[in-house]
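Working through the structure, step by step
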Amino acid sequence: MLTLPPTVTERAFVRIGEINAASGEAKALRVAVEGGGCSGFQYEITLDDPAEDDMVLEGNGQKVVVDSVSLPFLADAVIDFTEELIGARFTIENPNATSSCGCGTSFSM
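As a starting point, this report considers the structure included with it. Keep in mind the model is a prediction, meaning the values are calculated, not measured. (Residues numbered from 1 in each chain as written. Predicted model: local features only at pLDDT ≥ 70, side-chain atom pairs only at ≥ 80, totals over all residues. Heavy atoms only, no water.)

Details of the nonpolar core
Stated precisely, the cut-off is as follows: Here the nonpolar core consists of buried residues drawn from Ala, Val, Leu, Ile, Met, Phe, Trp, Tyr and Cys, with membership extended through side-chain atoms lying within 4.5 Å. Only protein chains enter the accessibility calculation, which uses a 1.4 Å probe; a residue is then buried when its area is under 20% of its type maximum, exposed when over 50%, and partly exposed in between. In this text, helices come from DSSP runs of H or I with a minimum length of four residues, and strands from runs of E with a minimum of two, each type numbered from the N-terminal end. By definition, residues are in contact when any of their heavy atoms lie within 4.5 Å.
V8, V31, V64, L74 and I92 are the most contacted members of the largest nonpolar core, which totals 17 residues. Going through the elements one at a time, helix 1 (10-23), strand 2 (28-35), strand 5 (62-66), strand 6 (78-84) and strand 7 (87-93) are the ones with two or more residues in this core. Discounting chain neighbours no more than four positions away, the residues touching V64 are V8, F13, I16, L29, V31, M55, V56, L57 and I79.

Structural data, given as structure tokens:
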């Protein structure tokens, strides 16, 4: 079965650019999956430099990186940035998750 790498929305790339412009640095957004959280797995989203074994997704002059261990968990996922009344954040729409927590950062497979 063929799986696709995650995709990143233009809105997410634009927000990464805004963060980098404000900080004066050129970091990539790292999206990783770690064990833990209330549903078994959780997303870890940080600013970082790409590593040698990372998948690098580029758009709008910005980068999102995913390490090789997290990649299977994020196959076909969509990485986005949303602004709502409760706040603004990067979100992940993951078709591999069978359930997720109300916080939006924890999921199970």
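Side note on the packing of aromatic side chains
The cut-off we apply is this: For Phe, Tyr and Trp, rings pair up if their centres lie within 6.5 Å, where Trp contributes its six-membered ring, and each pair is then called stacked (planes under 30 degrees apart), edge-to-face (over 60) or tilted (otherwise).
Here the structure, examined in full by the defined rule, presents two aromatic pairs. Considering the side-chain rings of F41 and F73, the 5.0 Å spacing of their centres and the 45° angle between planes classify their relative orientation as tilted. Residue F41 is located in strand 3 (residues 41-48), and its partner F73 is located in the loop between strand 5 and strand 6; the two are separated by 32 residues in the primary sequence. You can call F73 partly exposed: its relative accessible area is 23%. Centroid distance F81 to F90: 5.1 Å. Interplanar angle 65°. Geometry classified as edge-to-face. With respect to burial, F81 and F90 carry one shared label: buried.

On their own, these measurements won't tell you what the molecule is for.
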